[in-house]
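# An overview of the molecular structure
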Amino acid sequence: MAGKKVIITGVPGVGKTSVINETIEKLANENILYLNISFGSFMFDVAKASNLVQNRDEMRSLSKDQQKALQREASQQIAKIEGNVIIDTHASVKTPAGFLPGLPEWVLRDLMPDIVVLVEADDDQILRRRFSDESRLRDIEGARSIRDHQQFNRAVAASYAMLTGCTVLYVENADFLLTHSVEALAAVLR
Amino acid sequence: MAGKKVIITGVPGVGKTSVINETIEKLANENILYLNISFGSFMFDVAKASNLVQNRDEMRSLSKDQQKALQREASQQIAKIEGNVIIDTHASVKTPAGFLPGLPEWVLRDLMPDIVVLVEADDDQILRRRFSDESRLRDIEGARSIRDHQQFNRAVAASYAMLTGCTVLYVENADFLLTHSVEALAAVLR
Amino acid sequence: MAGKKVIITGVPGVGKTSVINETIEKLANENILYLNISFGSFMFDVAKASNLVQNRDEMRSLSKDQQKALQREASQQIAKIEGNVIIDTHASVKTPAGFLPGLPEWVLRDLMPDIVVLVEADDDQILRRRFSDESRLRDIEGARSIRDHQQFNRAVAASYAMLTGCTVLYVENADFLLTHSVEALAAVLR
């Protein structure tokens, strides 16, 4: 029987990577195995294997149709994986032209996820985490803009559910309470 | 000519059943007839007729594909009904794995509703109604969780509208104002 | 190469027309040309050319299927236009039966926009603009109702993005700051 396909999303600074890594480790200790796939990296590997690009920067210069073809190819390959998979991606990406959906129809129809998880946090906490994270260069956004992004993610995730029948799970990742977020996610992934 | 197909939804405790029953009675007094179908019960009848299950508890143990097939069969049968129909169901169901859409694509394409109604109420009022309703065993949720559920329902209903072209109507069912909710709904169903 | 297809929406009173006209003028001064199409007027022209109607009032008496066919025909003709196009329409229309999506699936699949813009403003400012605009007869709505409409538009726009892969851009059109709104939109349309 096929495993669970769980898409995990969250705005920059929400702590998605920590939640994913600790949840996978926790479940591994219980002999529940999840493969962790970054959708973006997976797409890059597909593009590289097809000689479309040689480094990640070149990904941005691909045409819309090329990107769409890559998204589909990546989705189809991931869909074939047996066993449990976590797909680390974005519900939407904030671009200068507005919110870009991370899982448009042509991705969803191939992936057919069981669950889309939104890792969320208080807008203000996310703002402070971004300021204190000096390792990454991130655009400066206000708390209102972060709230808009998180709300857009909820709305677009609802449409993902309509198309695929997946559930949409909110996981709150509050300051000092990472273990709580991990337990909440692990409970569903067990 | 085919009648109106109206889907009526609302979170537990919002008073959906009262709104539906009183609206149907009110309209019946004006010789406007609506058939009242519970989508869940209808699915169960289809499952029973196919010898898939013998009681409602067994519905939960059906596979995802079986449930999907039942949803489609039920939708197709309901779509064939002539005259006005109210379909009593959920915009989404709150499950341990997150919000599950009540009307995924394969249901919508067959049902093609004219209107999706969200019966809504203040989160706090719903909370108090749930506490005082001793006849049903319901999970205890906070007001914030109820708000999230009602907001998810609005978002997912918007995607139902995109796919089918139906309208989305909010009907507020405030404490002591049931007659008002019924009149608001009846005005649209006349 | 095909130009940009930009759908611009906003609730009545938000100042959409001013934003569109000034943005087109600003860009024209930079030799960046956008054709400005009102989706409703375009549909009417299609209907008139097909001898379906003779004046705009008759548009409302068309059957649902006729309206759908007109929407599709209009979308297909607009999709064929080369060069940049602004399509002036509604994310949703508030009707007595609830919010009606302006861009249902059959429109989106033909139009395949690059960007859906939501021109937004504070609910209260919109309310005051409506009261002071004596040139148009508009239904009187409260600020809460305007907020619901703007929120529905965000939700339904998210589902448009899921289906087409377009981005969704919020442009705030605050009192006294039209030049700011125009600059924000022009920056994306350049």
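What you see is a predicted model; the values in this text were computed from it and never measured.

Moving on, we get to the packing of helix 1 (residues 16–28) of chain C against helix 7 (residues 178–189) of chain C. Two quantities define a packed helix pair, namely the angle between the helix axes and the distance between the axes. Residue and element names in this part refer to chain C. Two elements in contact, helix 1 and helix 7, have axes whose closest approach is 9 Å; the angle formed by their N-to-C orientations is 55 degrees. By the angle between their axes, helix 1 is oblique relative to helix 7. For the pair helix 1 and helix 7, the crossing hand works out as right-handed. Contacts between helix 1 and helix 7 involve Ser18, Val19, Glu22, Thr23, Lys26 and Leu27 on the former and, on the latter, Leu178, Ser181, Val182, Glu183, Leu185, Ala186 and Leu189. Residue composition of the contact of helix 1 with helix 7, grouped by class: seven nonpolar, three polar and three charged.

Another point: the confidence of the model for chain A. Mean pLDDT over chain A: 95, with 97% of residues reaching 70 or higher. What the predictor reports for the complex is a pTM of 0.96 with an ipTM of 0.95.

Moving on to the side chain of Gln150 of chain B. Within the secondary structure layout, Gln150 of chain B lies in helix 6 (residues 143–164). Other than its neighbours up to four places away in sequence, Gln150 of chain B contacts Val11, Val14, Val119, Glu120, Ala121, Asp123 and Ile126 of chain B.

A few words on the relation of the copies chain A and chain C. Overlaying chain A with chain C gives an RMSD of 0.0 Å, the required rotation being 120 degrees about an axis along which the chain moves by 0.0 Å. Such values leave the two copies arranged in the relation of a three-fold axis. An overlap of only 20% is found between the interface residues of chain A and their copies at the interface of chain C, pointing to separate contact surfaces.

Residue and element names in this part refer to chain C. Across its 13 residues, helix 1 extends 18 Å between first and last C-alpha, which sits within 8% of the 18 Å expected from 1.5 Å per residue. Residues Lys16, Val19, Ile20, Thr23, Ile24 and Leu27 constitute the buried set of helix 1. Buried residues of helix 1, seen end-on, are gathered within an arc of 120 degrees and therefore sit on one face of the element.

Enumeration according to the criterion identifies 45 salt bridges over all chains in this entry. The salt bridge partner of Asp114 of chain B is Lys64 of chain C, with a shortest N-O separation of 2.9 Å. Of the two residues, Asp114 of chain B sits in the loop between helix 4 (105–111) and strand 6 (115–120) while Lys64 of chain C sits in helix 3 (residues 64–80), which places them in two different chains. According to the relative accessible area criterion, Asp114 of chain B is partly exposed, its value standing at 23%. Among the salt bridges present, the one from Glu120 of chain B reaches Arg154 of chain B, with a minimum N-O distance of 2.8 Å. Here the residue Glu120 of chain B occupies a position in strand 6, and Arg154 of chain B occupies one in helix 6, the gap between them amounting to 34 residues. Accessibility expressed as a relative area gives 7% for Glu120 of chain B, which makes it buried. Given a relative accessible area of 17%, Arg154 of chain B falls into the buried group. Salt bridges sharing partners connect three or more residues here, namely Glu105 and Arg109 of chain A, Glu105 and Arg109 of chain B together with Glu105 and Arg109 of chain C.

The backbone of Asn51 of chain A sits at a positive phi, close to 60 degrees, despite the residue not being glycine. Assignment of secondary structure puts Asn51 of chain A in the loop between helix 2 (39–49) and helix 3 (64–80). Exposure remark for Asn51 of chain A: the relative accessible area of 70% places this residue in the exposed category. With a phi close to 65 degrees, Asn31 of chain C is a non-glycine residue in the positive phi region. Looking at the element boundaries, Asn31 of chain C is found in the loop between helix 1 and strand 2 (34–38).

Our next topic: the state of the cysteines. Going through the model one piece at a time under the given rule, you end up with zero disulfides over all chains. Looking at the unpaired Cys166 of chain A, the closest cysteine sulfur is the one in Cys166 of chain C, lying at 19 Å.

Taken together, the 20 residues of chain A in the interface contact 25 residues of chain B. Overall, the association of chain A and chain B removes approximately 1,500 Å² of surface from exposure, summing both partners, and the carbon and sulfur fraction of that is 59%. Among the residues of chain A in contact with chain B, Met162, Thr167 and Tyr170 of chain A are the three that bury the most area, contributing 35% of the side total. Connecting chain A to chain B are six residue pairs in polar contact (both at pLDDT 80 or more). When contributions to the side of chain A that touches chain B are tallied by element, the ones reaching two or more residues are helix 6 (143–164) and strand 7 (167–172) of chain A.

So, on to the interface of chain A and chain C. Residue-level contacts link 25 residues of chain A with 20 residues of chain C. Summing both sides of the interface, chain A and chain C together bury roughly 1,500 Å²; the carbon and sulfur share of this comes to 59%. Area buried by chain A at its contact with chain C is led by Ala97, Glu105 and Phe152 of chain A, which between them contribute 28% of it. At the boundary of chain A with chain C, the tally comes to four salt bridges. Inspection of the chain A/chain C interface yields six residue pairs in polar contact (both at pLDDT 80 or more).

Here the structure, examined in full by the defined rule, presents six aromatic pairs over all chains. A centroid spacing of 4.7 Å and a plane angle of 20 degrees characterise the contact between Phe99 of chain A and Phe152 of chain A, whose relative ring orientation is stacked. Of the two residues, Phe99 of chain A is situated in strand 5 (residues 98–101) and Phe152 of chain A in helix 6; the sequence distance between them amounts to 53 residues. With a relative accessible area of 2%, Phe152 of chain A lands in the buried category. Their ring planes at 70 degrees and their centres at 5.4 Å tell us that Tyr170 of chain B and Phe99 of chain C sit as a pair that is edge-to-face. Here Tyr170 of chain B, found in strand 7 (residues 167–172), pairs with Phe99 of chain C, found in strand 5 (residues 98–101), and the two come from separate chains. An identical accessibility class is assigned to Tyr170 of chain B and Phe99 of chain C; each is buried. Taken together, Phe99 and Phe152 of chain A together with Tyr170 of chain C form an aromatic cluster joined through their ring pairs. Of note, Lys68 of chain A hangs over the ring of Trp106 of chain A, and the distance from its end group to the ring centre comes to 4.1 Å.

Conventions adopted
- Residues numbered from 1 in each chain as written.
- Chains lettered and ligands numbered in written order.
- Predicted model: local features only at pLDDT ≥ 70, side-chain atom pairs only at ≥ 80, totals over all residues.
- Heavy atoms only, no water.
- Axes fitted to C-alpha atoms, helices over the stretch in contact; angles between N-to-C directions.
- Helix = DSSP H or I, 4+ residues; strand = E, 2+ residues; numbered from the N terminus.
- Parallel < 35°, antiparallel > 145°, perpendicular 65-115°, else oblique.
- Left-handed = near helix turned anticlockwise from the far one by under 90°.
- Contact = heavy atoms within 4.5 Å.
- Nonpolar A, V, L, I, M, F, W, Y, C, P; charged D, E, K, R; others polar.
- pLDDT = per-residue confidence, 0-100.
- Least-squares fit on C-alpha atoms with pLDDT ≥ 70 in both.
- Expected span 1.5 Å × (residues − 1).
- Buried < 20%, exposed > 50% of the residue type's maximum accessible area, 1.4 Å probe, protein only.
- Arc of directions from axis to C-beta.
- Salt bridge = Lys/Arg side-chain N within 4 Å of Asp/Glu carboxyl O.
- Disulfide = S-S within 2.5 Å.
- Buried area = accessible area lost by both parts, 1.4 Å probe.
- Polar contact = N/O pair within 3.5 Å; in protein donor to acceptor, adjacent residues only side chain to side chain.
- Phe/Tyr/Trp six-rings, centres within 6.5 Å; stacked < 30°, edge-to-face > 60°.
- Lys NZ or Arg CZ within 6 Å of the ring centre and 35° of its normal.

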